[in-house]
Amino acid sequence: SIIGSSEKPRCFRNHEKKLTYYNQKKAWSDMKTSKKWFADFVKHVKRRTNDPILLIMDNCAAHNDDTFKDVSGQVRVIFLPPNCTSVYQ
């Protein structure tokens, strides 16, 4: 996925998008963008497999625990502890 500030970026005008584009005023991942992304992610997973999926997320403020709940239970999310994202990247 790509997050940018423009609603309709010129770079995508005449090209097929291979990644989902989200726009946000400061081009940051906020709660609203994260929610949309997770819903799209779950749809993508369900189209491709019935196997359980583990998604490992960093501990960003926009990644609220309540936002990342898959009601079907197929996608399970765990969060890295605070201040260790750079260690695991």
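Conventions adopted
Residues numbered from 1 in each chain as written. Predicted model: local features only at pLDDT ≥ 70, side-chain atom pairs only at ≥ 80, totals over all residues. Heavy atoms only, no water. Helix = DSSP H or I, 4+ residues; strand = E, 2+ residues; numbered from the N terminus. Buried < 20%, exposed > 50% of the residue type's maximum accessible area, 1.4 Å probe, protein only. Contact = heavy atoms within 4.5 Å. Core = buried A, V, L, I, M, F, W, Y, C linked by side-chain atoms within 4.5 Å. pLDDT = per-residue confidence, 0-100. Expected span 1.5 Å × (residues − 1). Arc of directions from axis to C-beta. Phe/Tyr/Trp six-rings, centres within 6.5 Å; stacked < 30°, edge-to-face > 60°.

A. Spatial organisation of the overall build of the chain. When helices and strands are counted, the chain shows two helices and four strands. Counting from the amino terminus, the chain carries its helices and strands in the arrangement β-β-α-β-β-α. Viewed in the frame of its principal axes, the chain has a C-alpha envelope of about 35 × 35 × 25 Å. A burial count over the chain gives 26% of its 89 residues as buried. For the chain, contacts bridging at least 24 residues in sequence account for 36% of all contacts bridging at least 6.

B. Quick look at the nonpolar core. With nine residues, the main nonpolar core is built from Phe38, Phe41, Val42, Val45, Leu55, Met57, Phe68, Val75 and Val77. Contributions of two or more residues to this core are made by helix 1 (31-48), strand 3 (53-57) and strand 4 (75-79). Per-element tally for this core: the top contributor is helix 1, with four residues. If we skip the residues at most four places from it in the chain, Phe41 touches Ile53, Leu55 and Val75.

C. Layout of the confidence of the model for the chain. Mean pLDDT over the chain stands at 82; residues scoring 70 or higher make up 91%. Predicted confidence in the chain is weakest over helix 2 (residues 85-88), with a mean pLDDT of 69, and strongest over strand 3, with 91.

D. A look at helix 1. End to end, helix 1 covers 26 Å across 18 residues, agreeing with the expected 26 Å (1.5 Å per residue, within 8%). Among all positions of helix 1, only Thr33, Ser34, Phe38, Phe41, Val42 and Val45 are buried. Axial view of helix 1: buried residues confined to an arc of 165°, hence all on one face. Facing away from the buried side of helix 1 by more than 90 degrees, the exposed set consists of Lys32, Lys35, Lys43 and Arg47. Tucked inside the fold, the buried residues of helix 1 contact strand 1 (2-4), strand 2 (21-23), strand 3 and strand 4.

E. Quick peek at the packing of aromatic side chains. Taken as a whole and assessed by the stated rule, the structure comprises three aromatic pairs. Considering the side-chain rings of Trp37 and Phe41, the 5.1 Å spacing of their centres and the 20° angle between planes classify their relative orientation as stacked. With Trp37 and Phe41 both in helix 1 and four residues apart, this pair spans about one turn of that helix. Ring plane angle 80° and centroid distance 5.0 Å describe the contact between Phe38 and Phe68, whose orientation is recorded as edge-to-face. Taken together, the residues Phe38 in helix 1 and Phe68 in the loop between strand 3 and strand 4 connect sequence positions 30 residues apart. On the basis of relative accessibility, which here comes to 3%, the residue Phe38 falls in the buried class. Overall, Phe68 belongs to the buried group, its relative accessible area being 4%.

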